[in-house]
Amino acid sequence: MSQKVVPSQATEAEQSSAERRNLRSKYRDLLSDATTRKNEYLAGNTDLLIEDLERANALYKNVSTTTEGVLDSYFLRMSADIGAQRAHQMRVDSAAFDSLDYIEKVRETLYGGSAGNTADEQQMLGVAPNWEAIGDMATRFGRQAPRFSCIYGPLMTEAKARKARAKRQGDNDGRKNRSATQQEATGNIETMGESDVKRQENQTTKLVLKIHKIIAQVGPINLFELVVNPSSFSQSVENIFYVSFLIRDGKAFIDDESGQPMIEACEPPQQEDYLSGLTKKQIIFSLDHATWRELVDVYNIRSSVIPQRQSTYDENGLSQISLQVPR
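Values in this document were obtained by computation on a predicted structure and should not be read as measured data.

A. Structural context of the overall build of the chain. Per the secondary structure count, the chain includes 12 helices and 5 strands. Residues counted as buried form 22% of the 327 residues belonging to the chain. Across the chain, every contact between residues at least 6 apart in sequence was considered, and the portion connecting residues at least 24 apart equals 66%. When the accessible surface of the chain is summed, it comes to about 24,300 Å², and 52% of that surface belongs to carbon and sulfur atoms.

B. Expanded view of the confidence of the model for the chain. Of the residues in the chain, 70% reach a pLDDT of 70 or more, and the chain-wide mean stands at 75. For the chain, the element scoring lowest by mean pLDDT is strand β5 (residues 319–320), at 51; helix α12 (residues 289–298) scores highest, at 91. Overall, residues 1–10 carries pLDDT values under 50, and its contacts beyond four positions in sequence, including any with other chains, amount to 20 contacts. In this model residues 185–192 is a low-confidence stretch, pLDDT under 50, and it forms 1 contact with partners more than four residues away in sequence or in other chains.

C. Here's a closer look at the packing of aromatic side chains. Going through the model one piece at a time under the given rule, you end up with 4 aromatic pairs. Seen from their ring centres, F224 and Y299 are 5.5 Å apart, and the 50 degrees between their planes marks the pair as tilted. Of this pair, F224 sits in helix α9 (residues 223–227) while Y299 sits in the loop between α12 and β4 (312–313), placing them 75 residues apart in sequence. Accessibility expressed as a relative area gives 15% for F224, which makes it buried. Classification of Y299 by relative accessible area gives partly exposed; the value is 22%. Linked through ring pairs, F241, Y242 and F245 together constitute an aromatic cluster.

D. View of the pattern of salt bridges. All chains considered together, the criterion is met by 7 salt bridges. As a salt-bridge pair, R107 and E104 come within 3.2 Å of each other at their nearest N and O atoms. Of the two residues, R107 and E104 both sit in helix α5 (residues 99–111), 3 residues apart, roughly one turn of that helix. Linking R248 and D249 is a salt bridge whose minimum nitrogen-to-oxygen distance equals 3.0 Å.

E. Summary view of the environment of Q123. Relative to the helices and strands, Q123 is located in helix α6 (residues 119–124). The class for Q123 is partly exposed, based on a relative accessible area of 38%. Not counting the four nearest positions on each side in its chain, Q123 is found in contact with R107 and Y111.

F. Representation of the packing of α5 against helix α7 (residues 131–142). Closest axis-to-axis distance for the α5/α7 pair is 7 Å, and the angle between their directions is 120 degrees. As judged from the angle between their axes, α5 and α7 are oblique. When the axes of α5 and α7 are compared, the crossing they make is right-handed. Each of V106, T109 and L110 in α5 lies in contact with α7, whose residues at this interface are W131, A133, I134 and M137. Grouping the amino acids of the contact of α5 with α7 by side-chain chemistry returns 6 nonpolar, 1 polar and no charged.

G. Main features of unusual backbone geometry. The phi dihedral of N300 is positive, around 50 degrees, even though this residue is not glycine. When you line up the elements, N300 lands in the loop between α12 and β4. Residue N300 is classed as partly exposed on the basis of its relative accessible area, which comes to 47%.

H. The arrangement of the sheet that holds strand β1 (residues 221–222) in detail. One open sheet accounts for 3 strands, arranged β1-β3-β2; its pairing is antiparallel. At either end of the open sheet lies a strand with only one pairing partner, and these are β1 and β2 (252–255). Where β1 lies against strand β3 (residues 262–265), 2 bridges are found, and the strand directions are antiparallel. Counterpart to N222 in the pairing with β3 is M262. In this fold helix α10 (residues 233–248) packs onto β2 and β3, with an angle of close to 95 degrees to the strand it touches most, β2.

I. Representation of the packing of helix α1 (residues 17–36) against helix α3 (residues 46–60) in the model. For the pair α1 and α3, interaxial distance at closest approach is 11 Å and the crossing angle is 165 degrees. Taken together, the axes of α1 and α3 are roughly antiparallel relative to one another. You can see that α1 and α3 cross each other, and the crossing is left-handed. Between α1, through L23, K26, Y27, D29, L30 and D33, and α3, the contact on the second element is made entirely by D52, R55, A56, L59 and Y60. For the contact of α1 with α3, the residue count by class is 6 nonpolar, no polar and 5 charged.

The rules we used
- Residues numbered from 1 in each chain as written.
- Predicted model: local features only at pLDDT ≥ 70, side-chain atom pairs only at ≥ 80, totals over all residues.
- Heavy atoms only, no water.
- Helix = DSSP H or I, 4+ residues; strand = E, 2+ residues; numbered from the N terminus.
- Buried < 20%, exposed > 50% of the residue type's maximum accessible area, 1.4 Å probe, protein only.
- Contact = heavy atoms within 4.5 Å.
- Areas by Shrake-Rupley, 256 points an atom, 1.4 Å probe, with all protein chains shown as cover.
- pLDDT = per-residue confidence, 0-100.
- Phe/Tyr/Trp six-rings, centres within 6.5 Å; stacked < 30°, edge-to-face > 60°.
- Salt bridge = Lys/Arg side-chain N within 4 Å of Asp/Glu carboxyl O.
- Axes fitted to C-alpha atoms, helices over the stretch in contact; angles between N-to-C directions.
- Parallel < 35°, antiparallel > 145°, perpendicular 65-115°, else oblique.
- Left-handed = near helix turned anticlockwise from the far one by under 90°.
- Nonpolar A, V, L, I, M, F, W, Y, C, P; charged D, E, K, R; others polar.
- Pairing = 2+ DSSP bridges.

If you want it as structure tokens, here you go:
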């Protein structure tokens, strides 16, 4: 496989958007051709694979941004998979096991070596097979000294009398109380698992659908202006959690070409889109209290696009995840 050529020192500022679009278009054509020719690659058309690798090397000279670099890495991964499959199909004859030759040698050991006759002649004459010769040959590889594990314990044993331990009434009462407490706690956990988890899943689904409807109504909007709630840090974290489901399912996408993360609703991509070079990217979004307060001040957020939800509290006064669907 040919080596990658080090890209030129051209920076993103030196390349126009039209040049980058043209480069991405050529990469998508290369990926489409490679997907179509995959069967030809595996059939042994090495020249065609080398030709496409040279095309990729020529395109890589003009790569200066991560967008085009992702397309190049996608093709590199595809070519590596094809190479692995080709290697798996190869058979090294010197290391291959010839079953026919093995059977012939076994027949020579069973019937051969008598009055100059071959194994076929001996078998046709009705000579009984010499299984003892096979046994002697196998013994050289399977004979071993007996182990001590063959003896199951000493020859004579004397059973020891087991001393009875007197049970105290206090221990029995304490053990019964602990057992009853554990059973009660286990029963409560099982009951909560069946009811609360199912209710939380239903509420989460409703919230995700509601937020998707809000994004579709307001159109392209800054991600921070959408998810940040200036009155509640916890609900801002929850909003990010719900929006992540939309990004994962392809029902919304984030565009940062303008320098700001703009989120917009969209239709989920189809298989043809991925074949054309569309890729999914995942990031880890970290939000602490100081960053939340800074976002509120920098973007001058005075109200939440996602309506405020009423928080719930447990019996100890601790705040719980708000599951009320915004209206």
